[in-house]
Amino acid sequence: DAGVTQSPTHLIKTRGQHVTLRCSPISGHKSVSWYQQVLGQGPQFIFQYYEKEERGRGNFPDRFSARQFPNYSSELNVNALLLGDSALYLCASSLLGTNEKLFFGSGTQLSVL
Amino acid sequence: DQQVKQNSPSLSVQEGRISILNCDYTNSMFDYFLWYKKYPAEGPTFLISISSIKDKNEDGRFTVFLNKSAKHLSLHIVPSQPGDSAVYFCAASPISSSGTYKYIFGTGTRLKVLA
């Protein structure tokens, strides 16, 4: 079975640009969460989606948005990129979206110049 | 406000010995805890979890202990192997009344197992 897949693996953007990151969850998983990991820190919660509805949002500005599609895949969008948005963006899927283990993808490394 | 803390940024252990990784938390509403291992250029890999109704959970070489009164959990790896060398994160999730299930991660401990 395929694990969580994310694309692209690496991305270089300049300040002010927009970026879209994509995630496909494990087959059968209905919940997708997004996390941002800055170098030297642990992953920080951005969004959780379950059955295409936003379940929760972390402490991130409105420049960050996401959605989940009918096939449970998800996109994370970031507008007006800042240097501080440079990070590893991790997508995680889980079966029910409750207190259960998360399965992470390998992430998208975003560099903003 | 760091609600989940891993105060040891790094740890070195001899192969075959026990590795003990520690994690402290401040929020008494946390009720589910997980440990993840992360290799460079890969996403975190789930190791083991524990619910707040338990004080110990074992899975092979990995055991997690939870001390709720001290708000402390630890991961024991016995015996340690060179392939265990990685960054280890603890994560905690609070009881949710809103339907949001989010994990708060510590900053990680880099484990190096010496052959």
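The structure we're discussing is the one just above.
Definitions and cut-offs
All chains use their own residue numbering, which begins from 1 and follows the written sequence. Following the order in which they are written, the chains are lettered starting with A and the ligands numbered starting with 1. pLDDT decides what is reported in this predicted model: residues at 70 or higher carry local features, side-chain atom pairs at 80 or more are listed and counted, and totals for whole chains, interfaces and linings draw on all residues regardless. Each side-chain value is derived from all of the structure's non-hydrogen atoms; neither hydrogens nor water enter the calculation. Helical segments are the DSSP runs of H or I of at least four residues, strand segments are the runs of E of at least two, and each set is numbered from the N terminus. As defined in this context, the radius of gyration uses C-alpha atoms, and a globule is described by 2.2 Å times the residue total to the power 0.38. Throughout, exposure labels follow a simple rule: accessible area from a 1.4 Å probe, protein chains only, divided by the maximum for the residue type, with under 20% read as buried, over 50% as exposed, and the rest as partly exposed. Contacts between residues were defined by any pair of non-hydrogen atoms, one from each residue, lying within 4.5 Å. Values of accessible area rely on a 1.4 Å probe in the Shrake-Rupley scheme; residue burial ignores everything except the protein chains shown. By definition, a salt bridge exists where a carboxyl oxygen of Asp or Glu is found within 4 Å of a side-chain nitrogen of Lys or Arg. Buried area, as used here, totals the accessible surface that two parts lose on assembly, with accessibility defined by a 1.4 Å probe and the loss added over both. Side-chain atoms alone can form a polar contact between residues adjacent in sequence; in general such a contact is a pair of N or O atoms within 3.5 Å, and within protein one must be able to donate a hydrogen while the other accepts it. Two strands qualify as a pair provided that DSSP identifies no fewer than 2 bridges between them.

### Focus: the overall build of chain B
At step 1: The secondary structure content of chain B amounts to zero helices and eleven strands.
At step 2: In chain B, the order of α-helices and β-strands from amino to carboxyl end is β-β-β-β-β-β-β-β-β-β-β.
At step 3: Since a compact globule built from 115 residues should have a radius of gyration of about 13 Å, the 14 Å found for chain B is in line with a globular shape.
At step 4: The dimensions of chain B, computed from C-alpha atoms along their principal axes, are 45 × 30 × 20 Å.
At step 5: The buried share among the 115 residues of chain B stands at 47%.
At step 6: Taking all contacts inside chain B whose residues are at least 6 apart in sequence as the whole, residues at least 24 apart take part in 55%.
At step 7: Carbon and sulfur atoms make up 49% of the accessible area of chain B, which amounts to about 5,600 Å² in all.

### Comments concerning the pattern of salt bridges
At step 1: In this structure the tally under the stated criterion is seven salt bridges over all chains.
At step 2: Taking the shortest distance from any N to any O, the salt bridge between R63(A) and D85(A) comes out at 2.8 Å. Here the residue R63(A) occupies a position in the loop between β6 (53-57) and β7 (64-68), and D85(A) occupies one in the loop between β8 (74-78) and β9 (87-94), the gap between them amounting to 22 residues.
At step 3: The exposure class assigned to D85(A) is buried, which follows from its relative accessible area of 4%.
At step 4: K56(B) is paired through a salt bridge with E58(B); the nearest N and O atoms lie 3.8 Å apart.
At step 5: You can call K56(B) partly exposed: its relative accessible area is 41%.

### Points about the interface of chain A and chain B
At step 1: Across the contact, 21 residues belong to chain A and 21 residues belong to chain B.
At step 2: Roughly 1,700 Å² is buried in total at the junction of chain A and chain B, and carbon and sulfur atoms are behind 57% of that figure.
At step 3: Summed over the shared surface of chain A and chain B, the result is zero salt bridges.
At step 4: In this structure, the connection of chain A to chain B is made through four residue pairs in polar contact (both at pLDDT 80 or more).
At step 5: Contributing elements (two or more residues each) for the side of chain A that touches chain B: β4 (31-37), β5 (44-50), β6 and β9 of chain A.

### With respect to the pairing of β9(A)
Residue and element names in this part refer to chain A.
At step 1: For β9, a buried count of eight out of eight residues is recorded, marking the element as mostly surrounded by other parts of the structure.
At step 2: A two-sided burial pattern is seen for β9, the buried positions comprising A87, Y89, C91 and S93 on one face and L88, L90, A92 and S94 on the other.
At step 3: Bridge count between β4 and β9: seven bridges; the pairing is antiparallel. Considered in β9, the bridge of Q36 is made with Y89.
At step 4: For β9 and strand β11 (residues 108-112), the ladder comprises three bridges, and the chain directions are antiparallel. Within β11, the residue paired with Y89 across the bridge is T108.
At step 5: Two strands pair when backbone bridges link them, and β9 and strand β10 (residues 103-104) are joined in this way by two bridges, in the antiparallel orientation. The partner of S93 across the bridge, within β10, is F103.

### Observations regarding unusual backbone geometry
At step 1: In this structure, the amide linkage connecting S7(A) to the following residue, P8(A), adopts the cis form with an omega of -10°.
At step 2: Within the element layout of this structure, P8(A) appears in the loop between β1 (5-7) and β2 (10-13).
At step 3: At the junction of V78(B) and P79(B), the peptide bond is cis and its omega measures out at -10° in the coordinates.
At step 4: The topology assignment puts P79(B) in the loop between β8 (72-77) and β9 (86-94).
At step 5: Here E51(A), not a glycine, exhibits a phi torsion of approximately 50°, which is positive.
At step 6: Relative to the helices and strands, E51(A) is located in the loop between β5 and β6.
At step 7: Backbone geometry places Y72(A), a non-glycine residue, at a positive phi of 75°.

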